[in-house]
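Secondary and tertiary structure notes
Chain residues, written in single-letter form:
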Amino acid sequence: MVEVLLMRHGAAGVDAALDTGSRTGLLPEAPRGTMRGVNTDAPTPRPALSVPGVFHLSHHRASLPQRIRRVPVFRPLLIRVAVGTKRLFAGAGLLPTCEVPAGGIAAFAARTEIDLMNVPSQQGYLAEVLNIAPEAVEAFRGRYGPQVRALLDTRTDTSAPVVPAPALASAWQHLLELWQHDQPPQPDIARHRLEEVLLSLVLQGAGHVLFLNRHDAWSERLRAILQAAPAAKWSAADIAERLHCSEATLRRHLASEGTHLREMLDAIRMNTGLGLVLNTQRRVEDIALACGYDSASRFSIRFRQRFGASPTEMRATR
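These remarks concern the structure in this document. (Residues numbered from 1 in each chain as written. Predicted model: local features only at pLDDT ≥ 70, side-chain atom pairs only at ≥ 80, totals over all residues. Heavy atoms only, no water.)

A word on the overall build of the protein. Within the protein, the regular secondary structure consists of 11 helices and 10 strands. Taken over 318 residues, the protein has a buried fraction of 56%. Contacts in the protein between residues at least 24 apart in sequence constitute 79% of all its contacts with a sequence separation of at least 6. For the protein, the exposed area adds up to about 13500 Å²; of that, 52% sits on carbon and sulfur atoms. (Helix = DSSP H or I, 4+ residues; strand = E, 2+ residues; numbered from the N terminus. Buried < 20%, exposed > 50% of the residue type's maximum accessible area, 1.4 Å probe, protein only. Contact = heavy atoms within 4.5 Å. Areas by Shrake-Rupley, 256 points an atom, 1.4 Å probe, with all protein chains shown as cover.)

Written out as structure tokens, the structure is:
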């Protein structure tokens, strides 16, 4: 059986990787090759699979325990732990609020943050990370509106572990089969596989957090602009000009969606930095510049404040 743990935390943001094919992602994908220092029978990470407007599928791996605070969740998210264990924390709590074992799936609402710890087994830690495009969620809601409304009417909790029928495990594996092909899948095929997973969740009374936060157009448009150049010296005037509106209008719309320019820019820069620290060999100085920081020391201080570890300490867990 597959265990699904459904979590919702409170913060704002928009996914920084899905439609652009970025390799930074929410929880960074694993580099090519086998896992360092683990049993070779463990699943091998594969390059990310991005289908614009549908999903971004990637691996995340670790060879040592990783405690990471305030990881931004920009879009509806499903994570399946393939090897090892994922522990989830509420805020800065020292004790985990729940644990996702190997074979378990955790679902997260868009515009939230995660405090987590990835705990390797003797084979290491490996998880499949499925970032879902907001438009794909809305399309699913349009086709299965009565089922989604019934689910939301009966599920008001913020954390509820369930044990779904084997249909969910089968649907997830069906989705992962798209990774086995050399060529990217057709968008309609990818959308069909994704909806099979979502429908399996809904019919089992799970996955309600994926439908809690609707797509926010202004936040999405801002996210796309900032993600394209996280190192730029952005100002409200620059963004307003890009969006063909006044600064006051921009601030008003973002406030109505529960976010602010500085907040989004910081989350995107830190998310980019986390991906580069874990997935590349670039120097911290170069990563700092790529994230809009003039000095490595200032970047490292902000990185530790955000994630609870320095770039060097985080990189040592790969």
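Let us now look at helix H7 (residues 247-256). Residues spaced three or four apart along an α-helix point in a common direction, a consequence of the helix completing one turn every 3.6 residues. Looking at H7, one finds that the buried residues are Thr-249, Leu-250 and Leu-254. End-on, the buried residues of H7 take up no more than an arc of 125°, which puts them together on one face. Turned more than 90 degrees off the buried face of H7, the exposed positions are Ala-248, Arg-252 and Ser-256. Each element contacted by the buried residues of H7 is listed here: helix H5 (217-228), helix H6 (236-242) and helix H8 (261-279). Positive backbone phi, approximately 80°, marks Gly-258, located one or two places after H7. (Arc of directions from axis to C-beta.)

Read from one edge of the open sheet, four strands run S4-S9-S6-S7, paired in antiparallel fashion. Pairing within the sheet leaves two strands with one partner each, and these edge strands are strand S4 (66-73) and strand S7 (98-100). The sheet shows a mean angle of 30° between the axes of neighbouring strands, taken without regard to direction. For S4 and strand S9 (residues 112-119), the ladder comprises six bridges, and the chain directions are antiparallel. Looking at S9, one finds that Pro-72 is bridged to Glu-113. Packing against the sheet, helix H10 (residues 296-307) makes contact with S4 and S9, and its axis sits at approximately 90° to S4. (Pairing = 2+ DSSP bridges. Axes fitted to C-alpha atoms, helices over the stretch in contact; angles between N-to-C directions.)

Let us now look at the pairing of strand S3 (residues 55-62). Along S3, eight of the eight residues are buried, which leaves the element largely enclosed by surrounding structure. Residues Phe-55, Leu-57, His-59 and Arg-61 line one face of S3 and the alternating positions His-56, Ser-58, His-60 and Ala-62 line the opposite face, and both faces are buried. Both strand S2 (residues 49-51) and S3 contribute to a ladder of three bridges, which runs antiparallel. Bridge pairing links Leu-49 to Leu-57 in S3. Between S2 and S3, which pair antiparallel and follow one another directly, the connecting turn spans three residues, one of which, Gly-53, has a positive phi of 80°. Here S3 pairs with strand S10 (residues 125-132) via eight bridges, running antiparallel.

The next thing to look at is the pairing of S10. Along a regular strand, successive side chains alternate from one face of the sheet to the other. Counting buried positions over the eight residues of S10 gives eight, a clear majority of the element. Here S10 shows a buried face lined by Tyr-125, Ala-127, Val-129 and Asn-131 and a second buried face lined by Leu-126, Glu-128, Leu-130 and Ile-132. Two strands pair when backbone bridges link them, and strand S5 (residues 77-83) and S10 are joined in this way by six bridges, in the antiparallel orientation. Looking across to S10, one finds that Leu-78 is bridged to Leu-130.

Below, the discussion takes up the packing of aromatic side chains. Each pair of aromatic rings is reported with the distance of its centres and the angle of its planes. Applying the stated rule across the entire model yields five aromatic pairs. When the centroid spacing of 4.8 Å and the interplanar angle of 35° are considered together, the rings of Phe-140 and Tyr-144 count as tilted. Aromatic side chains Tyr-293 and Phe-299 sit 5.7 Å apart centroid to centroid with 65° between the ring planes, which places their arrangement in the edge-to-face category. The buried category is assigned to Phe-299, whose relative accessible area is 0%. Pairwise contacts between aromatic rings join Tyr-293, Phe-299, Phe-303 and Phe-307 into one cluster. Taking the ring centre of Phe-89 as reference, the NZ or CZ of Arg-67 above it sits at 3.7 Å. Positioned above the aromatic ring of Trp-218, the side-chain terminus of Arg-221 is 4.7 Å from the ring centre. (Phe/Tyr/Trp six-rings, centres within 6.5 Å; stacked < 30°, edge-to-face > 60°. Lys NZ or Arg CZ within 6 Å of the ring centre and 35° of its normal.)

On to the packing of H5 against H8. At a minimum axis distance of 10 Å, the contact between H5 and H8 shows a crossing angle of 50°. The pairing of H5 with H8 is recorded here as oblique in orientation. Regarding H5 and H8, the two cross each other, and that crossing is right-handed. Contacts between H5 and H8 involve Ser-219, Leu-222, Arg-223, Leu-226 and Gln-227 from the former and Leu-261, Met-264, Leu-265, Ile-268 and Thr-272 from the latter. Looking at side-chain class alone, the contact of H5 with H8 contains six nonpolar, three polar and one charged residues. (Parallel < 35°, antiparallel > 145°, perpendicular 65-115°, else oblique. Left-handed = near helix turned anticlockwise from the far one by under 90°. Nonpolar A, V, L, I, M, F, W, Y, C, P; charged D, E, K, R; others polar.)

A word on the nonpolar core. Within the largest apolar cluster, 34 residues are counted, with the highest numbers of intra-cluster contacts made by Phe-55, Leu-78, Leu-130, Ile-132, Leu-194, Val-197 and Leu-210. Contributions of two or more residues to this core are made by S2, S3, strand S8 (105-108), S10, helix H1 (134-143), helix H2 (145-154), helix H3 (166-176) and helix H4 (187-203). With six residues, H4 is the single largest residue contributor to this core. If you look at the next biggest cluster of nonpolar residues, it comprises 32 residues, including Leu-77, Val-100, Ile-114 and Tyr-293. (Core = buried A, V, L, I, M, F, W, Y, C linked by side-chain atoms within 4.5 Å.)

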